[in-house]
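Here is what each chain is made of, one letter per residue.
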Amino acid sequence: MYNRRKFIQTTALGISAALANNTHAATTSARSPIVISTWDAGLEANKAAWTILSNKGRALDAVEKGVMVTEDSLNCCVGLGANPDRDGYVTLDACIMDEAFNCGAVAFLERIKHPVSVARKVMEKTPHVMLVGEGAQQFALAEGFLLEPQQLSEGAREAYAEWLKKSNYHSPRINVENKKEHGPFAPAKLSNGEWNHDTIGMLAMDAMGNLSGSCTTSGAGFKMRGRVGDSPIIGAGLYVDNQVGACVATGQGEDVIRVAGASAVVEAMRSGKSPEAACRSVIERVIRIKKEAAKNIQVAFLAIDKNGNTGAFAIHPGFNYALRTNSEEKLITGKSFFK
Ligand code: ASP
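The rules behind these values
Residues numbered from 1 in each chain as written. Predicted model: local features only at pLDDT ≥ 70, side-chain atom pairs only at ≥ 80, totals over all residues. Heavy atoms only, no water. Helix = DSSP H or I, 4+ residues; strand = E, 2+ residues; numbered from the N terminus. Contact = heavy atoms within 4.5 Å. Areas by Shrake-Rupley, 256 points an atom, 1.4 Å probe, with all protein chains shown as cover. Pairing = 2+ DSSP bridges. Axes fitted to C-alpha atoms, helices over the stretch in contact; angles between N-to-C directions. Parallel < 35°, antiparallel > 145°, perpendicular 65-115°, else oblique. Nonpolar A, V, L, I, M, F, W, Y, C, P; charged D, E, K, R; others polar. Patch = residues over 30% accessible without salt bridge, like charges linked within 9 Å, V, L, I, M, F, W, Y side chains within 5 Å. Salt bridge = Lys/Arg side-chain N within 4 Å of Asp/Glu carboxyl O. Buried < 20%, exposed > 50% of the residue type's maximum accessible area, 1.4 Å probe, protein only. Near = heavy atom within 4 Å. Polar contact = N/O pair within 3.5 Å; in protein donor to acceptor, adjacent residues only side chain to side chain. Core = buried A, V, L, I, M, F, W, Y, C linked by side-chain atoms within 4.5 Å.

A closer look at the overall build of the protein
And step 1. For the protein, the count of helices and strands is nine helices and 13 strands.
And step 2. Expressed as a percentage of contacts within the protein between residues at least 6 apart in sequence, the contacts between residues at least 24 apart total 64%.
And step 3. On the protein, roughly 14,600 Å² of surface is accessible, and the fraction owed to carbon and sulfur atoms is 53%.

In structure tokens form, the structure reads like this:
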């Protein structure tokens, strides 16, 4: 009895001491670094991350700098060049998480170029995990971020003008082959037949064997004003447990939130599943919940385990991810439930 009580006390003290400095989960074993990120834009983003990883930098810095490349680019779904909400405003969501359960997020953030960096500041400079809307913007300005002009990129202006013709607000659909109308989540099918990517989510393991992740998006194009998806929500869009692995999600955020997606994938890896099998198990859960409706939505999970094994799984074909290691730089087609 004495021993057991003593064990419990010691453990409890150990845990609270470790939580106090948030360093208990960091590992120190030398590893070969690796970075993965969602969609084809991940190839460019990985290059920036790789500059850091290949110089023995921290995974946390790599996942921030990596997705900043996509935030800077003029694409439909990430950063200030993205499609606006249905009232014509671009609103951005992002989060970041390190190897020691430190995390930060912003949502419904307007006119700030790098939401992922604001999320990191929330993590490092506040006692909070998430700031939203005006408060997030005020915090960003106080931290020295610039207030960008309130204007749409040329591509977004055209897409919005097109959308306004019907202003058809229907339930989100992503990457579903037969869609004609541009719903809130509809990325364009490009002339080369590839899907334009949505969110970028990035996971990295550094030379110390530590994992970190980031996720940044404009969410669903032409969404309701104030709508926030899974991407900035720790446990839904992103989760990192350095002892187990990490996961990032893309696709219909509402259905990722419903199953606490990224966290569920990490828990499945904790119970022994490979990254791909873990992603698959949670995709199947979404499909069970959504039933017939699953035919019209896309969700994809991308995961890495603590040994650097990676895997992904989606509801529908069309999802791919970029991988970079010492020896490889490539785009990998994600497997899917429906063929
Ligand atoms: N998951 C994002 C959201 O729901 C969108 C996406 O990945 O396409 O906001």
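What follows picks up the thread again.
Observations regarding the sheet that holds strand E4 (residues 130-132)
And step 1. On the basis of which strands lie adjacent, the open sheet formed by eight strands has the order E4-E3-E2-E6-E5-E1-E11-E12 and mixed pairing. Each having just a single partner strand, E4 and strand E12 (329-333) make up the two edges of the open sheet. Neighbouring strand axes in the sheet, compared pairwise and without regard to direction, differ in orientation by 10° on average.
And step 2. Taken together, the three bridges between strand E3 (residues 103-109) and E4 define a ladder with parallel strand orientation. Each residue of the ladder has a partner; that of Ala 105, found in E4, is Met 130.
And step 3. Packing against the sheet, helix H3 (residues 59-72) makes contact with strand E2 (92-97), strand E5 (200-205) and strand E6 (211-217), and its axis sits at approximately 155° to E5.
And step 4. Running over the sheet, helix H4 (residues 115-125) touches E2, E3, E4 and E6 and is turned about 130° from E3.

What about the packing of H4 against helix H5 (residues 133-142)?
And step 1. The N-to-C vectors of H4 and H5 enclose an angle of 80°; their axes lie 10 Å apart at closest approach. Taken together, the axes of H4 and H5 lie roughly perpendicular to each other. The segment H4 lies against H5, with Val 118, Lys 121, Val 122 and Lys 125 engaging Ala 136, Phe 139 and Ala 140.
And step 2. Here the contact of H4 with H5 is built from residues that sort into five nonpolar, no polar and two charged.

Let's talk about a nonpolar patch on the surface
And step 1. Nonpolar side chains collect at one region of the surface, where Val 129, Met 130 and Val 132 lie side by side and expose about 220 Å² of accessible area between them.
And step 2. Summarising the element assignment, Val 132 is placed in strand E4.

Considerations on H4
And step 1. Across the eleven residues that make up H4, a large majority, eight, are buried.
And step 2. Buried within H4 we find Pro 115, Val 116, Ser 117, Val 118, Ala 119, Arg 120, Val 122 and Met 123.

Quick notes on the site of the ligand
And step 1. Close to the ligand lie eleven residues; Asp 198, Thr 199, Asp 230, Thr 250 and Gly 251 are nearest.
And step 2. Measuring from a nitrogen atom of the ligand, one finds a side-chain N or O atom of Ser 231 at 3.4 Å.
And step 3. Thr 250 is positioned with one of its side-chain polar atoms (N or O) 2.7 Å from an oxygen atom of the ligand.
And step 4. Bound to the protein, the ligand loses 99% of the 260 Å² it would expose on its own.
And step 5. Its residues assigned to classes, the shell around the ligand shows one nonpolar, seven polar and three charged.

So, the environment of Ser 281
And step 1. With respect to the element layout, Ser 281 can be found in helix H9 (residues 275-290).
And step 2. Once you skip the residues sitting within four places of it in the chain, Ser 281 turns out to touch Ala 268 and Lys 273.

Quick word on the side chain of Gln 252
And step 1. Its location among the elements puts Gln 252 in the loop between strand E8 (245-251) and helix H7 (253-257).
And step 2. A residue is classified by how much of its surface remains accessible, and Gln 252, at 5% relative accessible area, is buried.
And step 3. Within polar-contact distance, the side chain of Gln 252 engages the side chain of Asp 255 at 2.6 Å.

Quick look at the nonpolar core
And step 1. Ranked by internal contacts, the top residues of the largest apolar core, which has 49 residues, are Val 265, Phe 301, Ile 304 and Phe 319.
And step 2. When sequence neighbours within four positions are dropped, the list of residues in contact with Phe 319 reads Thr 38, Trp 39, Thr 250, Gln 298, Ala 300, Phe 301, Leu 302, Ala 312, Ala 314, Ile 332, Thr 333 and Gly 334.
And step 3. Val 35, Ala 62, Ala 136 and Ala 140 belong to the second-largest nonpolar core, a separate cluster that totals 30 residues.

Considerations on the sheet that holds strand E7 (residues 238-241)
Sheet strands pair by backbone hydrogen bonding; their relative direction is either parallel or antiparallel.
And step 1. With mixed pairing, five strands are arranged side by side in an open sheet as E7-E8-E9-E10-E13. At either end of the open sheet lies a strand with only one pairing partner, and these are E7 and strand E13 (335-336).
And step 2. Inspection of the sheet shows E8 paired to strand E9 (residues 299-305) by seven bridges, in the antiparallel sense. Bridging from a neighbouring strand, Ala 246 pairs with Ile 304 of E9.
And step 3. Relative to the sheet, H9 contacts E9, strand E10 (310-314) and E13, its axis offset from that of E10 by approximately 20°.

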